[in-house]
Amino acid sequence: MFFFWKTKKKKQIINNNLVIFGFIRENFNQNITTLIFSIFPIVLIELVIDYVIIRIDSKILSGKEEECLIHLLNDRLKSNFTTQLLYRASEHNFNSNKFHEKCDEKGSTIVIIKNTYNHVYGGYSKVSWNKDLQTRTDPNSFLWCLKPKVKIFELKSSEKDGNQAMWNYEGYGPLYGRGNDLWITDKCNKNISSGYGSGQSYNCNGGDYGATGEMLNNYSQCYSTISEYEVFKINF
């Protein structure tokens with residue numbers, strides 16, 4: 001599914017031609033080029049000038065979840081962007097070393113996670129991952145969830161400098177916060193050692209993500225097995 005973001009600061013009304021263009025992109029994928037150039041040449045030119053096509057090529061997100069995450073990122077980042085898949089856990093045997101091999105020193109990234117409770121959540125960092133640096137400072141980082149709740153979790157007021165916003169541990173994938181607040185272990189599809197909700201750096205606990213009852217431990221953390229996780233580079 002594709003979404004269109006305005007590149008001009010002034011407000012514009014998305015006209016019927018844009019709706020038609022989006023419908024064609026989504027429903028006539030194989031013949032899109034011929035179809036657009038033969039029927040909507042003027043519309044195409046306007047779209048190339050005025051809009052950026054944004055897509056997150058995720059196997060985790062549904063169409064509505066993809067749209068929701070793009071809205072969330074656009075509102076938070078205040079900038080147009082594109083995405084590039086760096087790592088998909090299922091394609092690399094859920095190997096945390098492979099995560100660092102593929103994702104270290106790549107700049108801004110977003111991590112998308114789905115656990116066996118069917119919760120969809122993740123984190124954004126402007127600073128690169130780096131296995132050789134135990135902690136990274138990133139005042140621009142934040143956590144988020146899409147399912148069962150839609151929320152953004154900012155750094156706490158006492159943590160606004162972003163000190164220890166990100167961690168790099170051997171045997172772990174992405175780690176956010178000094179708690180850790182969100183963490184992914186090696187072979188996370190075969191254990192229940194990954195989770196979220198420590199609330200040390202970021203304004204959230206397990207219940208804020210939507211975890212309830214027996215999902216939570218006495219510290220409001222939610223541990224689970226991970227069904228899939230993906231890391232995308234954010235290009236501005």
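Asker: Just checking my understanding: could you explain the overall build of the protein chain for this structure?
Answerer: Within the protein chain, the secondary structure is distributed over 6 helices and 14 strands. For the protein chain, buried positions account for 49% of its 236 residues. Counting only contacts in the protein chain whose residues sit at least 6 apart along the sequence, the fraction spanning at least 24 positions is 64%.

Asker: Can you help me understand the environment of Gly195 in this one?
Answerer: Within the secondary structure, Gly195 sits in strand β12 (residues 194–196). Exposure remark for Gly195: the relative accessible area of 0% places this residue in the buried category. Placed 27 residues apart in sequence, Gly195 and Cys222 show a C-alpha to C-alpha distance of 5.4 Å. In this view, Gly195 contacts Asp181, Leu182, Trp183, Cys222 and Tyr223; residues no more than four positions away in its chain are not counted.

Asker: How should I be thinking about helix α4 (residues 63–77) in this particular structure?
Answerer: At 3.6 residues per turn, the α-helix brings residues three or four places apart onto the same side. Here α4 spans 21 Å end to end across 15 residues, near enough to the 21 Å set by a 1.5 Å rise per residue. Positioned one or two residues after α4, Lys78 has a phi angle of 55°, which is positive.

Asker: Would you mind showing me how to read the packing of aromatic side chains here?
Answerer: When we look at a pair of aromatic rings, we describe it by the centre distance and by the angle of the planes. Inspection of every chain in the model, using the stated rule, returns 12 aromatic pairs. With a centroid separation of 5.3 Å and 40° between ring planes, the pair formed by Trp167 and Tyr169 is classed as tilted. By relative accessible area, Trp167 is classed as buried at 11%. Tyr169 sits in the partly exposed class, given a relative accessible area of 31%. Geometrically, the ring pair formed by Trp183 and Tyr223 is edge-to-face, given 5.2 Å between the ring centres and 65° between the ring planes. Within this pair, whereas Trp183 is found in strand β11 (residues 182–185), its partner Tyr223 is found in strand β13 (residues 222–224), the two being separated by 40 residues in sequence. Residue classification places Tyr223 among the partly exposed residues on the basis of a relative accessible area of 36%. Grouped by ring-pair contacts, the aromatic residues Tyr87, Phe99, Trp129, Tyr176 and Tyr229 constitute a single cluster.

Asker: Mind showing me how you'd approach the sheet that holds β12 here?
Answerer: Within a sheet, each strand pairs with its neighbour through backbone hydrogen bonds, oriented either parallel or antiparallel. Read across the open sheet, the 6 strands follow the order β6-β9-β10-β11-β12-β13; overall the sheet is antiparallel. Pairing within the sheet leaves two strands with one partner each, and these edge strands are β6 (135–136) and β13. Both β12 and β13 contribute to a ladder of 3 bridges, which runs antiparallel. Considered in β13, the bridge of Tyr196 is made with Cys222.

Asker: So what exactly am I meant to see when it comes to unusual backbone geometry here?
Answerer: Keep in mind that most residues, glycine aside, have a negative phi and that most peptide bonds are trans. In this model, Lys147 is joined to Pro148 through a cis peptide bond whose omega is 10°. With respect to the helices and strands, the residue Pro148 is situated in the loop between β7 (142–147) and β8 (151–153). For the bond from Gly179 to Asn180, the omega torsion is 0°, close enough to zero to count as cis. Residue position: Asn180 is located in the loop between β10 (172–176) and β11. Located in the positive-phi region is Gln164, a residue other than glycine, with phi close to 65°. Residue position: Gln164 is located in the loop between β8 and β9 (166–167). Assessed through its relative accessible area of 18%, Gln164 is described here as buried.

Asker: Would you mind showing me how to read the pairing of β7 here?
Answerer: Among the 6 residues in β7, 5 count as buried, and that is most of the element. In this sheet, β7 lies alongside strand β5 (residues 120–125) in antiparallel orientation, the contact comprising 5 bridges. Opposite Gly122, over in β7, you have Trp144 as the bridge partner. Here β7 pairs with β8 via 3 bridges, running antiparallel. Bridge pairing in β8 places Leu143 opposite Phe153. If you look at the hairpin formed by β7 and β8, you'll find 3 residues sitting between the two strands.

Each value, and the rule that gives it
- Residues numbered from 1 in each chain as written.
- Predicted model: local features only at pLDDT ≥ 70, side-chain atom pairs only at ≥ 80, totals over all residues.
- Heavy atoms only, no water.
- Helix = DSSP H or I, 4+ residues; strand = E, 2+ residues; numbered from the N terminus.
- Buried < 20%, exposed > 50% of the residue type's maximum accessible area, 1.4 Å probe, protein only.
- Contact = heavy atoms within 4.5 Å.
- Expected span 1.5 Å × (residues − 1).
- Phe/Tyr/Trp six-rings, centres within 6.5 Å; stacked < 30°, edge-to-face > 60°.
- Pairing = 2+ DSSP bridges.

Note that all results are geometric; they support no functional claim without further evidence.
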